[in-house]
Amino acid sequence: MAEPTAENWRRTDEFLADTLVGQDAALDAALSAQREAGLPDIEVAPVSGKLLNLVARMSGARRVLEIGTLGGYSTIWLARAVGEGGAVISIEAEPVNAAVARRSIDAAGVGDRVAIRIGRATDVLPTLEGSDPFDLVFIDADKESNTVYLDWAARLSRPGGVVILDNIGRDGEIMNSDARDPRVTGARDGLRMLGEDPRFDATALQTVGVKGWDGAAIALIV
Ligand code: DHB
Ligand code: MG
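Quick caveat, the model's predicted, so the values are computed rather than measured.

Trainee: Outline the packing of helix α7 (residues 146-156) against helix α8 (residues 182-196), listing residues and values.
Mentor: The geometry of α7 relative to α8 is characterised by a closest axis approach of 8 Å and an angle of 35° between their N-to-C directions. Within the contact between the two elements, α7 uses N146, T147, L150 and D151 and α8 uses G186, A187, D189, G190, M193 and L194. Of the residues that constitute the contact of α7 with α8, the class distribution is four nonpolar, four polar and two charged.

What follows is the structure, given as structure tokens:
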């Protein structure tokens, strides 16, 4: 039996992506554009991007909110899921990231369904109050604000909506009670909120592979 080394996890993840996700010119171009622009390569793994797409389709999501656009990789997966007439609103704090994402999303042919809102999410989210409720919210931004974003996700979603919170594993550091890294404490605070706040019914999946050891939480708005 193969050893469960990081290298074997990575190779297995690549096999899963090759077998189940396959090559995708628009997504590959988005990643190249992101890399060329010097953005960090912290987008979701291909298998996780496809998971976002499938969960959105399985739940019939037509209106999606993304917090943290980066270079638009996950945005394209979500925009494909909502279909024609659907909408993705994606919030990005960095104008440079938003410009890279805009070009890639347009090149992917889903630009008409994606609105990128440039600004800090804590400033942009209150402006969405009163708009139609969201069917799915994907939170993938500064981890120290996870509980603030989860609160907004609950307020802006319809009952039965889905919330997905990225990066809940952080190389296992969430178990380390001495951890002071705000990305780790933010992940843990988000998980605690998902466990305790009655507006959510949640679980989490650890992931390991091309993006290392991490994971995502998924919640139903009840
Ligand atoms: C980081 C952020 C992410 O959203 C991610 O998927 C991986 C890493 C980070 O800030 O380190
Ligand atoms: Mg992430």
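Trainee: Lay out a nonpolar patch on the surface with the relevant residues and their values.
Mentor: Side chains of F15, L16 and L20 sit close together on the surface and give an oily, nonpolar patch of about 300 Å² of accessible area. As for its position among the elements, L20 is in helix α1 (residues 6-21). The exposed category is assigned to L20, whose relative accessible area is 54%.

Trainee: Tell me about the site of ligand 1, residues and numbers included.
Mentor: Taken together, I42, D140, K143, D166, N167, R170 and R183 make up the full set of residues near ligand 1. At 2.9 Å, a side-chain N or O of K143 approaches an oxygen atom of ligand 1. In the environment of ligand 1, an oxygen atom lies 2.7 Å from a nitrogen or oxygen atom belonging to the side chain of N167. Looking at the shell around ligand 1 residue by residue, the classes come out as one nonpolar, one polar and five charged.

Trainee: Let's hear about the nonpolar core: which residues, and what values?
Mentor: V64, L78, V88, I105, L136, F138 and I164 are the most contacted members of the largest nonpolar core, which has 28 residues in total. If you list the elements that add at least two residues to this core, you get α2 (25-36), α3 (46-58), α4 (73-82), α5 (95-107), β3 (114-118), β4 (134-139) and β5 (157-166). Per element, the largest residue contribution to this core is seven residues, and it comes from α4. Discounting chain neighbours no more than four positions away, the residues touching I164 are L52, V55, L136, V137, F138, I139, A216, A217 and I218. In this structure, I91, A141, L150 and A217 belong to the second largest nonpolar core, which totals 27 residues.

Trainee: Could you give an account of the sheet that holds strand β6 (residues 200-207), with specific residues and numbers?
Mentor: Strand order in the open sheet made by the seven strands is β3-β2-β1-β4-β5-β7-β6, with mixed pairing throughout. Since the sheet does not close on itself, it has two edges, and those belong to β3 and β6, each with one partner. Taken pair by pair, the neighbouring strands of this sheet meet at an average axis angle of 15°, ignoring direction. Taken together, the five bridges between strand β2 (residues 87-92) and β3 define a ladder with parallel strand orientation. Following the sheet pairing, E92 is matched in β3 by I118. Sheet contacts for α7: β1 (63-67), β4, β5, β6 and β7 (214-221); angle to β5, the most-contacted strand, approximately 155°.

Trainee: Residue-level account of the packing of α3 against α4, with values.
Mentor: Axes are the key here: two packed helices are described by the angle between their axes and the distance separating the axes. Remark: α3 packs on α4, axes separated minimally by 8 Å, with the N-to-C direction vectors making an angle of 30°. By the angle between their directions, the pair α3 and α4 is classed as roughly parallel. Judged by the sense of rotation from one axis to the other, the crossing of α3 with α4 is right-handed. Of the residues in α4, those touching α3 at P46, G49, K50, L52, N53, A56 and R57 are Y73, S74, W77, L78, R80 and A81. Residue composition of the contact of α3 with α4, grouped by class: seven nonpolar, three polar and three charged.

Here is what the cut-offs are and how they apply
Residues numbered from 1 in each chain as written. Chains lettered and ligands numbered in written order. Predicted model: local features only at pLDDT ≥ 70, side-chain atom pairs only at ≥ 80, totals over all residues. Heavy atoms only, no water. Axes fitted to C-alpha atoms, helices over the stretch in contact; angles between N-to-C directions. Helix = DSSP H or I, 4+ residues; strand = E, 2+ residues; numbered from the N terminus. Contact = heavy atoms within 4.5 Å. Nonpolar A, V, L, I, M, F, W, Y, C, P; charged D, E, K, R; others polar. Patch = residues over 30% accessible without salt bridge, like charges linked within 9 Å, V, L, I, M, F, W, Y side chains within 5 Å. Areas by Shrake-Rupley, 256 points an atom, 1.4 Å probe, with all protein chains shown as cover. Salt bridge = Lys/Arg side-chain N within 4 Å of Asp/Glu carboxyl O. Buried < 20%, exposed > 50% of the residue type's maximum accessible area, 1.4 Å probe, protein only. Near = heavy atom within 4 Å. Polar contact = N/O pair within 3.5 Å; in protein donor to acceptor, adjacent residues only side chain to side chain. Core = buried A, V, L, I, M, F, W, Y, C linked by side-chain atoms within 4.5 Å. Pairing = 2+ DSSP bridges. Parallel < 35°, antiparallel > 145°, perpendicular 65-115°, else oblique. Left-handed = near helix turned anticlockwise from the far one by under 90°.

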